[in-house]
Amino acid sequence: MTEIPFRPHSSHWGTFHARQTPEGLEIRPFEGDPDPSPILANIPAALTHPARLTQPLIRRGWLERGPGPDPMRGREEFVAVPWDEALDIAAAEMMRLGAGPDLPETVPGAHVFGGSYGWSSAGRFHHAQSQVHRFLNTAFGGYVASVDTYSSAAGSVILSMTWGHPISMMMEQPFWQDIAEETELLIAFGGMPVRNLAVSPGGNSQHVARPSLKAAAARGCRFVSVSPIADDMDELPGLTRIAPRPGTDVALMLAMAQVLAAEGLADRAYLDRCTTGYDRFLAYLDGTADGTAKTPDWAAAITGIPAGTIRDLSRSAAARRTHISVAYALQRARNGEQPVWAAMVLAAMLGQNARRGGGFSYGLASIGNVGKPKLAVPLPTLPQGENRSGDFIPVARIAELLQNPGKSYTYKGETRDYADIRLVYWAGGNPFHHHQHLDNMRAAFSRPDTVIVHDSVGTASARHADIVFPVTVTPERADIGASANDPFLIPMPQLAEPIAGPRHDYDVFSALSERLGCADAFTEGRSAEEWQAWMYARTRTALAERQLPAPDFAEFMEGGILELPVTDAPSRLALFHADPDAHPLETPSGKMEIYCEAVEAAGLPGHPAWMPPEEWLGADLAAVHPFQLVANQPRGKLHSQLDFGAASMATKRGGREVARMNPADGWRRG
Ligand SMILES: Nc1nc2c(c(=O)[nH]1)N[C@H]1C(S)=C(S)[C@@H](COP(=O)(O)OP(=O)(O)OC[C@H]3O[C@@H](n4cnc5c(=O)[nH]c(N)nc54)[C@H](O)[C@@H]3O)O[C@H]1N2
Ligand SMILES: Nc1nc2c(c(=O)[nH]1)N[C@H]1C(S)=C(S)[C@@H](COP(=O)(O)OP(=O)(O)OC[C@H]3O[C@@H](n4cnc5c(=O)[nH]c(N)nc54)[C@H](O)[C@@H]3O)O[C@H]1N2
Ligand SMILES: [Mo]
């Protein structure tokens, strides 16, 4: 019998080789990955699990009573409907709402929420979010989009005003190698949970965090994990843990800054050259502005960390090459912008941003491909077309949007109005997994006329839809794997026959556009394979121009994983540090803003400041809130994806997620 060959494939949590055997999909991690993720083991269940959807489903009440706001959404049974009929019904509803080949000046998509936030799957063509956006732009002329992310919104927005474009700037800094080779002290707010660094949007072929941390430790680097949970950082020689009360990092950072200022340890030359507004911040630190000096004693009462520990940490940071990392987690909170801004300021006071291994990072502890060199060639992407509606919400305003048509709100100091949403279309996300306050979310989802969801499995969001289209999973389709800062392009040949019933998102959208009379515009006459060849051509041309191996598309898909070149061009931050006047940051002053007028105009303090969470005010905290819940990312899976997979199930007890309690609290309560 001939050996069944392994073929390459990709997921957000790693590159792998797989083959279909009678026992199921057999998976081997990519040999070039120094630290493959255990959650690769979730993938085989994707093909076989009974949670897979196999037929289009329509909610009974919607079928019988027609579209419209309905509190029964999410509480009613579904009727299985044959594909052709379900597509006809969905297309007719979209036509009723204005979709079609001849769109008016004011696009009907102004009533369609297509933000469709979510991670989808790896694979550049079948990326569900790109597909749904392209479809809505074609069918409705646009849609109400969403900006920012559940990952990093408050932090990204504040840094966009005080530092520049944080996410793209962070992707230009090769921090991991610098940390491995140069850092002497790594202070990690939120820790450095390597389990989270398994993941990167689009793929992560080389997990470098653990080996880099080990290399740094072997050199004698010291680590301080500032986090409420002990296992937010791997056990390493030279590791100290500091566990402030969650949500109080700003007080800790301010006290560290106060020590630097009071003891003459702040780098004035750096602050003068690269920042603006330090003096106004200083008046807040030393108490001139509000009568309270932000001393370690002041912070000790808020954070629960002894004043001496804070003072020592600050002095220690000033005495050596120090890197300050802030995990996204810290900003996923009320006034979550403050710890991120305060960390930026603290690092600026240390004056080490221009030195290898020193300075500040946001996201290095949260997303796998942050801190790797940037690619020198463009990656394949599916063009999404033009969104003529121009309207958007900040992503986590979805429930407010649906419930308050016409109401005003502010975003970055600008007053905007919520649209009147009649249709919600979601593909590649699970809002009933990712949004907070689910009762309110359910009420919000009762408001539109119609909700359409594509997914491969019966998620909570699918249950809150009117029309559900079942779709394929990555092993069932061919695609191209690629991700920003990941130095490999991965052919993803189809690994398994699709189970009976589901279709590719692209085929669903193609069939709908045919019924809406806009198939030519949506497909441009290309099959999925022809699109992939078209998308690949851009990367191939760039490779050929550099005289690098550039196989044609068929060879690429048949061949192995293709290495991509990385750039040695200096980052925006390096250019800025070389000459701040010639290469200003994208902030109003061109410098890092320690005091920022735009932030103050938007209604916040003009510099980082401690603002106690409102539920703490006037409360005897220990009596009213004896526990704080940390709802962090799951170790055994990516968000809700493949929850039924082997790695995910192994983290559960009796099929349920585990909540942990500090043993000291457990003993105290018997
Ligand atoms: N309590 C709490 N909530 C959180 C967070 C937290 O820390 N705590 N973290 C937040 C963060 S940072 C994020 S990014 C969000 C994540 O929120 P999401 O990105 O919405 O979560 P996922 O589970 O990745 O949802 C992806 C969905 O897409 C489906 N899917 C995968 N591939 C395809 C495909 O090819 N086609 C289609 N149509 N569907 C596909 C999957 O089955 C899954 O249902 O959650 C946020 N919510
Ligand atoms: N395995 C796995 N990895 C993932 C994901 C996943 O679902 N599974 N999701 C990915 C995504 S989309 C994102 S955006 C990132 C998110 O990355 P993060 O937001 O950084 O991840 P979290 O796990 O929410 O938080 C990391 C740690 O921060 C600590 N923390 C929470 N609150 C505070 C606080 O107030 N102060 C301090 N000092 N620490 C605090 C918690 O103990 C927590 O374990 O993770 C990515 N990585
Ligand atoms: Mo995220």
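1. So, the overall build of the chain
Assigned secondary structure in the chain consists of 27 helices and 23 strands. Over its C-alpha trace the chain gives a radius of gyration of 26 Å, about what one expects of a compact globule, namely 26 Å for 670 residues. Seen along its three principal axes, the alpha-carbon backbone of the chain occupies a region of about 75 × 60 × 60 Å. Expressed as a percentage of its 670 residues, the buried residues of the chain come to 56%. Intrachain contacts of the chain at a sequence separation of at least 6 include 73% that bridge at least 24 residues. Accessible surface, the chain as shown: approximately 27500 Å² in total, 51% of it carbon and sulfur. For the chain, the separation between the mean place of its 59 positive charges and that of its 75 negative charges on side chains is 5 Å.

2. Focus on the site of ligand 1
Taken together, 27 residues lie around ligand 1, and Ser 121, His 434, Asp 455, Arg 477 and Ser 640 are the ones closest in. At 3.4 Å from an oxygen atom of ligand 1 is found a side-chain nitrogen or oxygen belonging to Arg 332. Ala 631 places a main-chain nitrogen or oxygen 3.1 Å from a nitrogen atom of ligand 1. Burial of ligand 1 by the protein chains amounts to 89% of its free accessible area of 920 Å². The set of elements that each furnish at least two residues to the shell around ligand 1 consists of α16 (431-434) and β18 (450-455). Tallied by class, residues from the shell around ligand 1 come to seven nonpolar, 16 polar and four charged.

3. Considering the domain arrangement of the chain
Considered domain by domain, the chain is made up of domain 1 (7-48), domain 2 (57-145 + 392-563) and domain 3 (153-371 + 584-616). Just the C-alpha atoms count here: the centres of domain 2 and domain 3 sit 36 Å apart. Domain 2 puts twelve residues into the contact, and the matching count from domain 3 is 14 residues. For the pair domain 2 and domain 3, the summed buried surface comes to about 1100 Å²; carbon and sulfur atoms form 57% of the total. Contact with domain 3 buries surface across domain 2, with Trp 119, Lys 412 and Asn 485 losing the most and accounting together for 46% of the total. Viewed at the interface, domain 3 and domain 2 are joined by zero salt bridges.

4. With respect to the sheet that holds strand β12 (residues 322-326)
Taking strand neighbours across the sheet as the criterion, the five strands line up as β10-β9-β8-β12-β13 in an open arrangement whose pairing is parallel. Two strands bound the open sheet, and with one partner strand each, they are β10 (239-242) and β13 (359-362). With strand direction ignored, the average angle separating the axes of adjacent strands in the sheet is 15 degrees. Direction of pairing for strand β8 (residues 185-189) relative to strand β9 (residues 222-226): parallel, over a ladder of five bridges. Counterpart to Ile 187 in the pairing with β9 is Val 224. Seen against the sheet, helix α9 (residues 249-262) touches β8 and β9 and runs at an angle of roughly 145 degrees to β8.

5. Some thoughts on helix α21 (residues 528-545)
Taking 1.5 Å per residue, 18 residues should reach 26 Å; α21 reaches 26 Å between its end C-alpha atoms and fits that length. Along α21, the sharpest kink reaches roughly 30 degrees, centred on Ala 537. If you check which residues of α21 are buried, you get Ala 528, Trp 531, Gln 532, Met 535, Tyr 536, Thr 539, Ala 542 and Leu 543.

6. Quick notes on the packing of aromatic side chains
Inspection of every chain in the model, using the stated rule, returns 20 aromatic pairs. Where Trp 426 meets Phe 445, the ring centres are 6.3 Å apart and the plane angle is 35 degrees; that geometry is what we call tilted. Of this pair, Trp 426 sits in strand β17 (residues 423-427) while Phe 445 sits in helix α17 (residues 438-445), placing them 19 residues apart in sequence. For Trp 426, a relative accessible area of 3% translates into the label buried. With relative accessibility at 1%, the residue Phe 445 sits in the buried group. Among the aromatic side chains, those forming a connected cluster through ring pairs are Phe 125, Phe 135, Tyr 425, Tyr 506, Phe 509 and Phe 522.

7. Things to note about the site of ligand 2
Around ligand 2 sit 29 residues, and of these Asp 232, Gly 247, Asp 249, Lys 637 and His 639 come closest. In this structure, Asn 632 approaches ligand 2 through a side-chain N or O atom, which is 3.0 Å from an oxygen atom. Contact distances for ligand 2 include 2.9 Å between a nitrogen atom and a backbone N or O atom of Pro 634. For the shell around ligand 2, the residue count by class is 14 nonpolar, nine polar and six charged.

8. Topic: helix α13 (residues 307-318)
Here α13 is twelve residues long and its end C-alpha atoms lie 17 Å apart, about the 16 Å a rise of 1.5 Å per residue gives. Looking only at α13, the buried set comprises Ala 307, Ile 310, Leu 313, Ser 314, Ser 316 and Ala 317.

9. Considerations on the pairing of strand β21 (residues 488-492)
Within β21, five of the five residues are buried, leaving the element largely enclosed by the surrounding structure. Of the two faces of β21, the one holding Phe 488, Ile 490 and Met 492 and the one holding Leu 489 and Pro 491 are both buried throughout. Bridge count between strand β20 (residues 479-481) and β21: three bridges; the pairing is antiparallel. Its bridge partner being in β21, Gly 481 is matched across the sheet by Ile 490. The antiparallel hairpin formed by β20 and β21 contains six residues in its connecting segment, where Asn 485 sits at a positive phi of about 70 degrees. Where β21 meets strand β22 (residues 562-563), two bridges bridge the pair, whose relative direction is antiparallel. Looking at β22, one finds that Leu 489 is bridged to Leu 562.

10. Points about the pattern of salt bridges
If you walk through the whole model with that rule in mind, you get 42 salt bridges. We note a salt bridge from Asp 466 to Arg 59, for which the minimum N-O separation is 2.8 Å. Pair noted here: Asp 466 is in the loop between α18 (460-463) and β19 (467-470) and Arg 59 is in strand β4 (residues 57-59), with a separation of 407 residues, a long-range link. No difference in accessibility class separates Asp 466 from Arg 59, as the two residues are buried. Each of Arg 59, Arg 65, Asp 70, Arg 73, Glu 76 and Asp 466 takes part in a single network of salt bridges with overlapping partners.

11. A look at the side chain of His 454
By the element assignment, His 454 lies in strand β18. Overall, His 454 belongs to the buried group, its relative accessible area being 1%. Within the local environment of His 454, its side chain forms a polar contact with the side chain of Tyr 425, the two groups lying 2.8 Å apart. Within the structure, the side chain of His 454 is placed 2.9 Å from the side chain of Asp 505, a separation counted as a polar contact. With residues near it in sequence (within four places) discarded, His 454 still touches Tyr 425, Trp 426, Ala 427, Gly 428, Phe 469, Val 471, Asp 505, Val 508 and Phe 509.

Here is what the cut-offs are and how they apply
Residues numbered from 1 in each chain as written. Chains lettered and ligands numbered in written order. Predicted model: local features only at pLDDT ≥ 70, side-chain atom pairs only at ≥ 80, totals over all residues. Heavy atoms only, no water. Helix = DSSP H or I, 4+ residues; strand = E, 2+ residues; numbered from the N terminus. Rg over C-alpha atoms; globule rule 2.2 N^0.38 Å. Buried < 20%, exposed > 50% of the residue type's maximum accessible area, 1.4 Å probe, protein only. Contact = heavy atoms within 4.5 Å. Areas by Shrake-Rupley, 256 points an atom, 1.4 Å probe, with all protein chains shown as cover. Lys, Arg positive; Asp, Glu negative; His and termini not counted. Charge placed at Lys NZ, Arg CZ, Asp CG, Glu CD. Near = heavy atom within 4 Å. Polar contact = N/O pair within 3.5 Å; in protein donor to acceptor, adjacent residues only side chain to side chain. Nonpolar A, V, L, I, M, F, W, Y, C, P; charged D, E, K, R; others polar. Domains from an automatic or database assignment. Buried area = accessible area lost by both parts, 1.4 Å probe. Salt bridge = Lys/Arg side-chain N within 4 Å of Asp/Glu carboxyl O. Pairing = 2+ DSSP bridges. Axes fitted to C-alpha atoms, helices over the stretch in contact; angles between N-to-C directions. Expected span 1.5 Å × (residues − 1). Bend = angle between axes of the 7 residues up to and from the residue. Phe/Tyr/Trp six-rings, centres within 6.5 Å; stacked < 30°, edge-to-face > 60°.

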